[in-house]
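Remarks on the overall topology
What follows is each chain in one-letter form.
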Amino acid sequence: MRLSYFPLLVFLLLTTGCSSLSELSESVSGITDYFSGGEDNTDPPAALTELKSEAQIELLWRQSVGVGADGQTLKLVPAITGGKIYAADRAGLVQARGLTNGELSWEVETKLHFSAGPAVTGSMLVLASSDADVIALDAENGSTLWKTTVSSEVLSVPVIAKGFVVVRSTDGSVHALNERTGEKLWTFEQNIPALSVRGTGSLVIVDDKVIGGYDNGKLVALRLNDGKYLWESSVAIPAGRSEIERLVDLDADPVEDDGVIFIASYQSNLVAVSAVDGEVIWRNEAISSSTGISKDWRYLYVTDSKSDIWQIDQRSGASFWKQADLHQRKLTAPLAYDRYVVVGDLEGYVHWLAESDGRLLSREQVAKDPIDAKPLVFDETVYVYSLGGTLAALKAR
């Protein structure tokens, strides 16, 4: 591991100039933490203890989707429309399967290196690649409708709305494409810090605005029709002496409810922001996350940077409960549905928590490899997709 960042250490030695040795030592320490996963990795994942199950979990079906993410940090997620579930793998395979039995409806080999998606509408799914490709497929048979190249790799799921397909690439650019043809309509460019955590949060479309968080801690709103800059809000403010300490990436997917955007930052805080003008409504500085958020009618559910799960009041940002029994198990973003909160973990387990107080109700192992995609629910059935390509459907009885 040391050899992998040795050139960066040499660069620091050549560019520190009059910096003190202690400052250099601090920067080197930060870089070591960054490449090795940070100080939190000294905390081992919590061991799973015997659990008296309060919910019966039934595995309805389990299938394989190629190589999955092939061990890489990507944003390959399942998506549902028209009675089918769709999933793609790193090697360019796309599958459509029946929701009730997992039977294969169709599959296509695109030979692309998929990195994000699919996003779906009633008749179309859109995926993006590490080679800057954005491709639309017919949801009925997988045939290619169009393909467009953007400026760089895409690591957030495309968004489809109001005749637009909007994608954000890792160089900070936002690209709006014609949903029917893939034609480029506008591009917005944003500078990004030299050092950032790999990944980008998804965009959300609220009324006529495209809203997304950036690696500089800013939440930015653009006009959907032409990409005009509307406002920005400082969600997280960099602090600390080293570049590592000042990382405040907004990599968690934001969620929107009734004109309010909820978003969390890496090493900083959870924030509620008005979609109208970017005004910050509240902050909870106890929670940082690059994993994600879920919501129900009143609460937010957040997996924080240590894989502890929180229930938060949408109106005030106050916390109601915190579940730490799955500490450091690299949990997915939580899924909230009915009376449950559901997360996947680093060993392929899916955990059910009680919405009321966060207690662990049940768990089921569906894969031997990590689950990092947020679980998906449809008609009381939970669908999960593991890094190794296991796609599974489960139901709590």
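No experiment lies behind these values; they were computed from the predicted model shown. (Residues numbered from 1 in each chain as written. Predicted model: local features only at pLDDT ≥ 70, side-chain atom pairs only at ≥ 80, totals over all residues. Heavy atoms only, no water.)

Helix and strand counts for the protein chain stand at two helices and 33 strands. Within the protein chain, buried positions represent 56% of all 397 residues. Expressed as a percentage of contacts within the protein chain between residues at least 6 apart in sequence, the contacts between residues at least 24 apart total 47%. As presented, the protein chain carries roughly 17,300 Å² of accessible surface, and 49% of it is formed by carbon and sulfur atoms. (Helix = DSSP H or I, 4+ residues; strand = E, 2+ residues; numbered from the N terminus. Buried < 20%, exposed > 50% of the residue type's maximum accessible area, 1.4 Å probe, protein only. Contact = heavy atoms within 4.5 Å. Areas by Shrake-Rupley, 256 points an atom, 1.4 Å probe, with all protein chains shown as cover.)

Moving on, we get to the sheet that holds strand β12 (residues 164–168). One open sheet holds the four strands; their spatial order is β11-β12-β13-β14, and the pairing between them is antiparallel. Looking at which strands have only one partner, the edges of the open sheet turn out to be β11 (159–161) and β14 (184–188). Ignoring strand direction, the axes of neighbouring strands in this sheet form an average angle of 20°. Here β12 runs beside strand β13 (residues 174–178); their pairing, made up of five bridges, is antiparallel. What sits directly across from R168, in β13, is V174. (Pairing = 2+ DSSP bridges. Axes fitted to C-alpha atoms, helices over the stretch in contact; angles between N-to-C directions.)

Turning our attention to the sheet that holds strand β1 (residues 57–64). In space, the four strands of this open sheet follow the order β1-β33-β32-β31, with antiparallel pairing throughout. Strands with a single pairing partner mark the edges of an open sheet, and in this sheet they are β1 and β31 (376–378). Recorded for the sheet is a direction-independent mean angle of 25° between the axes of neighbouring strands. In terms of strand pairing, β1 meets strand β33 (residues 390–396) through seven bridges, oriented antiparallel. Within β33, the residue paired with W61 across the bridge is A393.

Here we take up the pattern of salt bridges. Two side chains that carry opposite charge are able to pair once their charged atoms sit near each other. Per the counting criterion, the structure on display carries 13 salt bridges. In this structure, the salt-bridge partner of D338 is R339, at a minimum N-O distance of 3.1 Å. The partly exposed category is assigned to D338, whose relative accessible area is 47%. Linked through salt bridges whose partners overlap, the residues forming this network are E54, D357 and R359. (Salt bridge = Lys/Arg side-chain N within 4 Å of Asp/Glu carboxyl O.)

Turning to the side chain of R97, a few remarks are in order. Inspection of the secondary structure puts R97 in strand β5 (residues 93–98). No salt bridge is formed by the buried R97, whose closest oppositely charged neighbour, E107, lies at an N-O distance of 5.5 Å. Engagement of the side chain of R97 in a polar contact is seen with the side chain of Q95, the distance being 2.9 Å. Of the polar contacts made by the side chain of R97, one reaches the backbone oxygen of G102; its length is 2.7 Å. When near neighbours in sequence (up to four residues on either side) are disregarded, R97 contacts Q63, S64, G83, K84, I85, G102, E103, L104, S105 and L391. (Lys, Arg positive; Asp, Glu negative; His and termini not counted. Polar contact = N/O pair within 3.5 Å; in protein donor to acceptor, adjacent residues only side chain to side chain.)

Time to look at the environment of G201. Looking at where G201 falls in the secondary structure, it is placed in the loop between β14 and β15 (204–206). Under the relative-accessibility criterion, G201 is labelled buried at 2%. Residues G201 and G212 lie 11 residues apart in sequence; the distance between their C-alpha atoms is 7.2 Å.

Right, let's get into the pairing of strand β16 (residues 209–213). Burial analysis of β16 places five of its five residues in the buried class, the great majority of the element. Two strands pair when backbone bridges link them, and β15 and β16 are joined in this way by three bridges, in the antiparallel orientation. Following the sheet pairing, I205 is matched in β16 by V210. Between β15 and β16, which pair antiparallel and follow one another directly, the connecting turn spans two residues, one of which, D207, has a positive phi of 55°. Taken together, the five bridges between β16 and strand β17 (residues 218–223) define a ladder with antiparallel strand orientation. Residue pairing for β17: G213 is matched across the bridge by L219. Adjacent in sequence and paired antiparallel, β16 and β17 are bridged by four residues, among which G217 carries a positive phi angle near 85°.

What follows covers the packing of aromatic side chains. Scanning the model with the defined rule gives eight aromatic pairs in all. For the ring pair Y337 and Y340, a centre distance of 5.5 Å and an interplane angle of 45° mean the geometry is tilted. By relative accessible area, which is 7% here, Y337 ends up buried. Among the aromatic residues, those joined into a cluster by ring pairs are W297, Y299, Y301, F320 and W321. Sitting over the face of the ring of Y214, R168 holds its NZ or CZ atom 4.8 Å from the ring centroid. (Phe/Tyr/Trp six-rings, centres within 6.5 Å; stacked < 30°, edge-to-face > 60°. Lys NZ or Arg CZ within 6 Å of the ring centre and 35° of its normal.)

Within the fold, V154 resides in the loop between β10 (144–149) and β11. Looking at V154, the relative accessible area reads 0%, which means it is buried. Along the sequence, V154 and S129 sit 25 residues apart, while their C-alpha atoms lie 6.1 Å from each other.

Mean pLDDT over the protein chain works out to 87, with 83% of the residues at or above the 70 mark. Across residues 1–41, where pLDDT falls below 50, the model places 34 contacts with residues more than four positions away in sequence or in other chains. (pLDDT = per-residue confidence, 0-100.)

Quick look at the side chain of Q314 now. Note that Q314 resides in the loop between β25 (309–313) and β26 (319–323). The exposure class of Q314 is buried, given its relative accessible area of 10%. Among the polar contacts listed, one links the side chain of Q314 to the backbone oxygen of Y299, at a separation of 3.3 Å. Residues within four places of Q314 in sequence aside, it is in contact with D257, F262, W282, K295, D296, W297, R298, Y299 and L300.

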